[in-house]
Amino acid sequence: MRFRHPDGSTVHLAYCTNVHPAETLDGVLAQLRDHCEPVRRRLGRDRLGIGLWLAKDAAHALDTDPAALRGLRAALDRRGLEVVTLNGFPYEGFGAEQVKYRVYRPDWADPERLDHTTALARVLTGLLPDDLTEGSVSTLPLGWRTTWTGARADAAHAALLTLAERLDALADLTGRSVRVGLEPEPGCIVETTGDALATLTAVGHPRIGVCVDTCHLATSFEDPQTALDALAAARVPVVKSQLSAALHAEHPHLPAVREALAAFDEPRFLHQTRTVGSTGRRNGTDDLGQALAGGALPDTTPWRAHFHVPLHAAPAAPLTSTLPVLKDALTRLVGGPHPLTRHLEVETYTWQALPPELRPRGRAQLADGIAAELALARDLLTDLGLKELP
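### Regarding unusual backbone geometry
Leaving glycine out, the prevailing phi sign among residues is negative, and the prevailing peptide bond configuration is trans.
So, step 1. Residue Pro-106 is reached from Arg-105 by a cis peptide bond, and omega for that bond is -10 degrees.
So, step 2. Within the secondary structure, Pro-106 is located in the loop between strand E4 (81-87) and helix H4 (111-127).
So, step 3. With an omega of 15 degrees, the peptide bond between Ala-317 and Pro-318 qualifies as cis.
So, step 4. For Pro-318, the position within the fold is in the loop between strand E12 (303-309) and strand E13 (319-321).
So, step 5. The phi angle at Leu-142 is positive, at roughly 75 degrees, despite the residue not being glycine.
So, step 6. Looking at the element boundaries, Leu-142 is found in the loop between strand E5 (134-139) and helix H5 (150-174).
So, step 7. With relative accessibility at 7%, the residue Leu-142 sits in the buried group.
So, step 8. Unlike most non-glycine residues, Phe-221 shows phi in positive territory, near 55 degrees.
So, step 9. Looking at Phe-221, the relative accessible area reads 25%, which means it is partly exposed.

Structure (structure tokens):
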């Protein structure tokens, strides 16, 4: 979906396909048919943006076979879909029964991460619509904190510099510019926008920036205005933003609240949980179950958990979502005289990890839910003065 900003530029809205597990190119093509096109039809749109997640095997197939890349591009066109951004965070196995810490491997100290991200950038130049020359890729925020050493930090820094050189060369070769954004996430080396500033100031290249995920921003209790102002002041580019909402518990000491939270403690994904005390100190656990076990996390102030809940359907009381944080962030991102980013992506990959009574039953209900999220995001954008384009 495309929107005209009051300054005349085009802002793109997509939804991320990591909600549909697929490891191979055939699986990606099936996603377009079974999920993405039905979502487009529900929205009554001739064209819908999707943020493709390409696992290692699918990316390799597209990068090494020009005919396969042309075939995917043709399939997108045929189904009324377009791609300006890729999700390069998960490497493989995101549809496995248990993902947890595996999603952070390989990290940016491992050569596989650089090679995979380079392949994604090359693929994206072949998928961009004919009238566009700018694409984006979101990626892992360096690595998980407990595996990090000084040597690995040096290797990651060198890899990012190499990536920047490759992106420059790719732009010279194709005439198409791809930027890569580190996506701050709780528990990682780059957990907050402040961490991103420190890392990216050292890298100092305009093709390497930040992907602002509003669920992660909220889970870390970052103020959107403060965080985004700091990025803008440092001239660190917001390559893209993932529109998502975290799980919020206002009174985690209450038994009814803890019981409600326990329904979201599931075995597939990691749900980092955070709270901020009266002194402003952030406390956290790696997973929601650890917080609920008792004693690991202070419960006198609100908790937020890294659980991407549907944008249009907040959890039932006594829980809620951090949709207000998303709205505040979006106002700063695209509500000013010029947008801080032109690539927006709804990313709720946890539909099938929701408590059983909230999960969609079948493809049709899932398509309904994704379409409802996109409709909400569309309304937020038009309320900010953007105009939806055909």
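Having put the structure on the table, let's press on.
### Focus on the pairing of strand E3 (residues 48-53)
So, step 1. Burial runs high along E3: six of the six residues are buried.
So, step 2. Both faces of E3 are covered, namely the face carrying Leu-48, Ile-50 and Leu-52 and the face carrying Gly-49, Gly-51 and Trp-53.
So, step 3. Bridging between E3 and E4 involves five bridges; their strand directions are parallel. Its bridge partner lying in E4, Gly-49 is registered against Glu-82.

### A closer look at the pattern of salt bridges
So, step 1. Under the definition given, this model contains 26 salt bridges.
So, step 2. Across the pair Asp-131 and Arg-2 runs a salt bridge whose closest N-O atoms are separated by 2.8 Å. Of this pair, Asp-131 sits in the loop between H4 and E5 while Arg-2 sits in strand E1 (residues 2-4); the two residues are 129 residues apart in sequence, bridging distant segments of the chain.
So, step 3. Judged by its relative accessible area of 6%, Arg-2 is buried.
So, step 4. Measuring nitrogen to oxygen at the nearest pair gives 3.7 Å for the salt bridge that ties Asp-115 to Arg-166. One end of the pair, Asp-115, is in helix H4; the other, Arg-166, is in helix H5, with 51 residues separating them in the sequence.
So, step 5. Since its relative accessible area comes to 43%, Asp-115 is described here as partly exposed.
So, step 6. Sharing partners across several salt bridges, the network here consists of Arg-2, Arg-47, Glu-82 and Asp-131.

### A short note on the side chain of Thr-117
So, step 1. Within the secondary structure, Thr-117 is located in helix H4.
So, step 2. Overall, Thr-117 belongs to the buried group, its relative accessible area being 1%.
So, step 3. In terms of polar contacts, Thr-117 uses its side chain to reach the backbone carbonyl oxygen of Arg-113, at 2.8 Å.
So, step 4. In contact with Thr-117, not counting residues within four places along its chain, are Trp-108, Thr-139, Leu-163 and Val-180.

### Some remarks on the packing of aromatic side chains
So, step 1. Tallying each qualifying case throughout the model produces eight aromatic pairs.
So, step 2. Arranged with centres 4.9 Å apart and planes meeting at 70 degrees, the rings of Phe-269 and Tyr-349 form a pair that is edge-to-face. Of this pair, Phe-269 sits in the loop between helix H9 (255-262) and strand E10 (273-276) while Tyr-349 sits in the loop between strand E14 (343-346) and helix H12 (363-383), and the two are 80 residues apart along the sequence. Residue Phe-269 shares its accessibility class with Tyr-349, and that shared class is buried.
So, step 3. Counting every residue linked through ring pairs, the aromatic cluster contains Trp-53, Phe-94, Phe-269 and Tyr-349.
So, step 4. Over the aromatic face of Phe-221 sits the side chain of Arg-304, whose NZ or CZ is 4.4 Å from the ring centroid.

### Regarding the environment of Pro-184
So, step 1. Of note, Pro-184 is situated in the loop between strand E6 (177-182) and helix H6 (193-203).
So, step 2. On the basis of relative accessibility, which here comes to 6%, the residue Pro-184 falls in the buried class.
So, step 3. Separated by 168 residues in sequence, Pro-184 and Gln-352 place their C-alpha atoms 24 Å apart.
So, step 4. When residues no more than four places from it in sequence are discounted, the contact partners of Pro-184 are Pro-141, Val-190, Glu-191, Thr-192, Thr-193, Ala-196, Val-210, Cys-211 and His-216.

The rules behind these values
Residues numbered from 1 in each chain as written. Predicted model: local features only at pLDDT ≥ 70, side-chain atom pairs only at ≥ 80, totals over all residues. Heavy atoms only, no water. Helix = DSSP H or I, 4+ residues; strand = E, 2+ residues; numbered from the N terminus. Buried < 20%, exposed > 50% of the residue type's maximum accessible area, 1.4 Å probe, protein only. Pairing = 2+ DSSP bridges. Salt bridge = Lys/Arg side-chain N within 4 Å of Asp/Glu carboxyl O. Polar contact = N/O pair within 3.5 Å; in protein donor to acceptor, adjacent residues only side chain to side chain. Contact = heavy atoms within 4.5 Å. Phe/Tyr/Trp six-rings, centres within 6.5 Å; stacked < 30°, edge-to-face > 60°. Lys NZ or Arg CZ within 6 Å of the ring centre and 35° of its normal.

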